Each structure stands twice: as structure tokens, then as C-alpha cells.
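# Observations on the three-dimensional arrangement
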Amino acid sequence: MDLLITKGTTSVKLSDYGFYNIDIDDIAPEISLDKRSVTGRNGTVFGGATFTAKTIKVTGRVAVATIQDFMAKKDDINGLLLDDEPFYITKMYPNNADFYNFQVPGQTTGDLDLINQAHTAWHYRWKVTASEPTFSFVGNSGQGLKYDFSVVFTTAEMPYGETEAKDITLSGGSFTYAGTAKLSQLEVPFVVELTSTGGQSSFYLEIGNKRFTYTQSGNINAGAVFKITGIETTKDLVNVNAKTNYSYFVIEPTPTKTVTYKTNFNGSIKILNFMELYK
């Protein structure tokens, strides 16, 4: 495997620094339970649960010619991974489907070429910060001085993997959501944008279990643009919260990976900055 590290518009792979035998172990996000005891009552009262953080441990190995090369490599890795601003990491997997096929002893010769295998980035990434990278000396070999490497990343914001944000247009009463965690407007700033063709004074939009309503006196002008952000609704950039039911949207995973919506809105509907979240 390999690790893609993205900061702004710049991306590098861990293998670009000579690392091989790379392994990426992402654990499930930690969960925090709000439980309270009540005098005279057995058990506890459940007050809710929140996912707090997710950790991703990356290990690998590197070989260098001299101790000076090792110290320079360590400086480079510290400079790459230790940052006061969060950045994105993405696990990568080899494209060759036959790479891990069973082989009997002596069937082939030479070592597995892990570094030069073509890799593809997984479909989601994590926004993280890194703890101190560590190196441990393995020994001297024909390849040079070998060191084992490890680093632990912790999610900086959402405790989930995230796909890159995109805009989607709703049609047909449903859309695809393949994520495994809820996508809430109170946590992720996606925007529902509605562009009216006129002919109505009120409308509703229901996505999953959340229903948003809007009512005004007189018909909505054709071309009017509504933006529902979860904390504010605007019409042509003017706040119209008082004309709504103050609702927000939560897109929830389903077994079919399909989310249904209902509406009587005259016009087009888009979700801006839409992404999928993975536990």
C-alpha cells in the first residue's frame, strides 16, 4: 500500500521518500456516551452519543546508505508530517489484481516489488494532524541501513473519512449517498440551493426524515434563489429565517445507499459542497 499526503494543491506519496512495506491501519472512530445515574433506578439514563476522533496508524520501512542519510531523511519526514495546520491523507492500493496471488515456493524469484507497483487512491480521505514520527533501527544489509517507521494520525475535525466535496443536482426523487456516517448541515457546511421558476407562495422540501418549509405573502419571483445552510436560509442573499420552520437537513446512510426526497418546489434543486462520510 501507499499513503498520499495532500497539503493545499500539493500532493506527495510516502513511497516518494523511499518507504516500502507500507501498512495503513485505520480504526473505528472513538465514541463518547452521555450516561447518567438516577437514584433509585437501576442502570443508567442514555443521554446520547457522539463520535469524537479517529486514528490512523501508518507503518513502513526505509533503507539508507549512511547515518547521515538517515538523519536527513528524518528531518524531511518531520518537516512533511508535523504541521500546525490539518492536512489530508489518503490510503492507496495496488492496481494489479494478481499481485497477491498464491505462489508455491520457488515458483518465482526475487522480492516483491512493492514500491514500483501502480497505486490508486481510495475514494475518501481523512483530515488529520500527525503525532511525532518514530524510527527504530532494524540492522545493516546489502540494501543499506534499515529502519522501521511509524506515525499516528488523528482526525482534526470530523472523525470520519471524507470524499472530496462536489455539487449535485436533484432529480427523480432520490440520489445516491454511499457514506456510512450521517451528513448533517450542523457539522458539514453543505448548502441546499433552490432556484425558483415562480408560480407559488410556499413550498416544502423533505430529505430523508427532515422537512423544510417556506411561506411568504404573494408569489415567489421566477429566478429567486434560496440557500438553506442549516443555520440560515436566504432568498437572493437576504435572510428569510422567519418565513421558514427553522429546519436543517441530515443525510443518513441507508442499506440501498439511496436517499429519497420529496418536494413541491417549482424549479431546480442542488446540493452544494456535497460529500460522503465514512466511519
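Our subject is the structure listed above.
As the structure is a prediction and not an experimental result, all values here were calculated from the model. (Residues numbered from 1 in each chain as written. Predicted model: local features only at pLDDT ≥ 70, side-chain atom pairs only at ≥ 80, totals over all residues. Heavy atoms only, no water.)

### Some details on the overall build of the protein
Each helix and strand counted, the protein has 1 helix and 25 strands in total. Over its C-alpha trace the protein gives a radius of gyration of 25 Å, far above what one expects of a compact globule, namely 19 Å for 279 residues. In terms of overall dimensions, the protein has a C-alpha envelope of 80 × 55 × 40 Å along the principal axes. Nonlocal contacts in the protein, meaning residues at least 24 apart in sequence, comprise 74% of its contacts between residues at least 6 apart. Total accessible area on the protein is roughly 15,400 Å²; 49% of this is exposed by carbon and sulfur atoms. If the 25 positive side-chain charges of the protein are averaged to one point and the 29 negative ones to another, these points end up 9 Å apart. (Helix = DSSP H or I, 4+ residues; strand = E, 2+ residues; numbered from the N terminus. Rg over C-alpha atoms; globule rule 2.2 N^0.38 Å. Contact = heavy atoms within 4.5 Å. Areas by Shrake-Rupley, 256 points an atom, 1.4 Å probe, with all protein chains shown as cover. Lys, Arg positive; Asp, Glu negative; His and termini not counted. Charge placed at Lys NZ, Arg CZ, Asp CG, Glu CD.)

### Thoughts on the nonpolar core
By size, the foremost hydrophobic cluster in this structure holds 32 residues, and its most contacted members are Phe175, Leu183, Val192, Leu194, Ile251, Ile271 and Leu277. At the level of secondary structure, the elements contributing two or more residues to this core comprise strand E16 (191-196), strand E17 (202-207), strand E18 (210-215), strand E19 (225-228), strand E23 (258-263) and strand E24 (267-274). The residues touching isoleucine 251, leaving out its near neighbours within four places in the chain, are Phe175, Tyr177, Ala181, Lys182, Leu183, Phe190, Ile207, Val259, Ile271 and Phe274. One finds Ile56, Val62, Val64 and Leu80 within the second-largest nonpolar core, a separate group that totals 28 residues. (Core = buried A, V, L, I, M, F, W, Y, C linked by side-chain atoms within 4.5 Å. Buried < 20%, exposed > 50% of the residue type's maximum accessible area, 1.4 Å probe, protein only.)

### A few points about the pattern of salt bridges
Scanning the entire structure with this criterion turns up 8 salt bridges. In this structure, the salt-bridge partner of aspartate 26 is lysine 91, at a minimum N-O distance of 3.7 Å. Of this pair, aspartate 26 sits in strand E3 (residues 20-26) while lysine 91 sits in strand E7 (residues 87-94); the two residues are 65 residues apart in sequence, bridging distant segments of the chain. Look at lysine 91 and you get buried, because its relative accessible area is 15%. Among the ionic pairs, aspartate 148 bridges to arginine 61, the shortest N-O distance being 2.8 Å. Of the two residues, aspartate 148 sits in strand E11 (residues 144-155) while arginine 61 sits in strand E6 (residues 55-64), which places them 87 residues apart along the sequence. Among the residues examined, aspartate 148 registers a relative accessible area of 27% and is labelled partly exposed. Beyond isolated ion pairs, a larger network of salt bridges with shared partners links Asp26, Lys54 and Lys91. (Salt bridge = Lys/Arg side-chain N within 4 Å of Asp/Glu carboxyl O.)

### Notes on the sheet that holds strand E13 (residues 166-169)
The antiparallel open sheet is built from 6 strands, whose spatial order is E13-E24-E16-E19-E20-E21. Edge positions in the open sheet fall to E13 and strand E21 (238-239), since each of these has one partner strand only. Sheet topology note: the E16/E24 ladder contains 6 bridges and is antiparallel. Paired with leucine 194 across the strands is isoleucine 269, a residue of E24. (Pairing = 2+ DSSP bridges.)

### Structural notes on the sheet that holds E18
Pairing within the open sheet is antiparallel, and its 4 strands lie in the order E14-E23-E17-E18. The two strands at the open ends of the sheet, each matched to only one other strand, are strand E14 (174-176) and E18. Within the sheet, the average angular offset between the axes of one strand and its neighbour, ignoring direction, is 20°. In this structure, E14 lies alongside E23, joined through 3 bridges in antiparallel fashion. Its bridge partner lying in E23, threonine 176 is registered against threonine 258. (Axes fitted to C-alpha atoms, helices over the stretch in contact; angles between N-to-C directions.)

Coordinates in, geometry out; function isn't part of it.
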